[in-house]
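Observations on chain architecture
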Amino acid sequence: IEGIEYDYNKATLRPASKEILDNLIEFLELNNNLKIEIRSHTDFRGTDKYNEDLSQRRAQSVVDYLIEHGIPMERLVPKGYGEKMPAEVKHTDGSTVVLTPDFIKSLSDKDLIEEYHQRNRRTAFFVLEQD
């Protein structure tokens, strides 16, 4: 299931994110025996406490959207992880890297730094149960 991304310091859903969530709704309707965790994350800017709160608000924005579109709350578990679980991506040299604060701080390309911050500002979906 494709994940979604957020603007810096925001928990609001982008139009492109709503399109992805509409696909998730179709998937959940077809697989009405699944319970999923909505795993939301932040980049490392901000305090741990703030980022945990922001990531929980991001997860809740997804839950709210899914509920508005008919998915029962009991099938959804929102969980904000803050900056604790950085994304993994293919780096420009082809290697797979974890987007930790140390790795991002080691970069000099400002556009790449922002791209990697963006990759960390995300929500992913994980199947918890299948009845």
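Cut-off values and rules
- Residues numbered from 1 in each chain as written.
- Predicted model: local features only at pLDDT ≥ 70, side-chain atom pairs only at ≥ 80, totals over all residues.
- Heavy atoms only, no water.
- Helix = DSSP H or I, 4+ residues; strand = E, 2+ residues; numbered from the N terminus.
- Expected span 1.5 Å × (residues − 1).
- Buried < 20%, exposed > 50% of the residue type's maximum accessible area, 1.4 Å probe, protein only.
- Salt bridge = Lys/Arg side-chain N within 4 Å of Asp/Glu carboxyl O.

Side note on helix 2 (residues 48–68)
The end-to-end C-alpha distance of helix 2, which contains 21 residues, comes to 30 Å, matching closely the 30 Å that a straight helix rising 1.5 Å per residue would cover. Listed in full, the buried residues belonging to helix 2 are N51, L54, S55, R58, A59, S61, V62, V63, Y65 and L66. One or two steps after helix 2, the chain reaches G70, where phi turns positive at roughly 95°.

Quick word on the pattern of salt bridges
Under the defined criterion, the tally for this structure stands at 9 salt bridges. When the shortest N-O distance is used, the salt bridge between R45 and E114 registers 3.5 Å. Residue R45 is located in the loop between strand 2 (34–40) and helix 2, and its partner E114 is located in helix 4 (residues 110–120); the two are separated by 69 residues in the primary sequence. Judged by its relative accessible area of 34%, E114 falls in the partly exposed class. Here E114 and R121 are joined by a salt bridge, their closest N and O atoms 3.3 Å apart. The buried category is assigned to R121, whose relative accessible area is 3%. Sharing partners across several salt bridges, the network here consists of D43, R45, E114 and R121.

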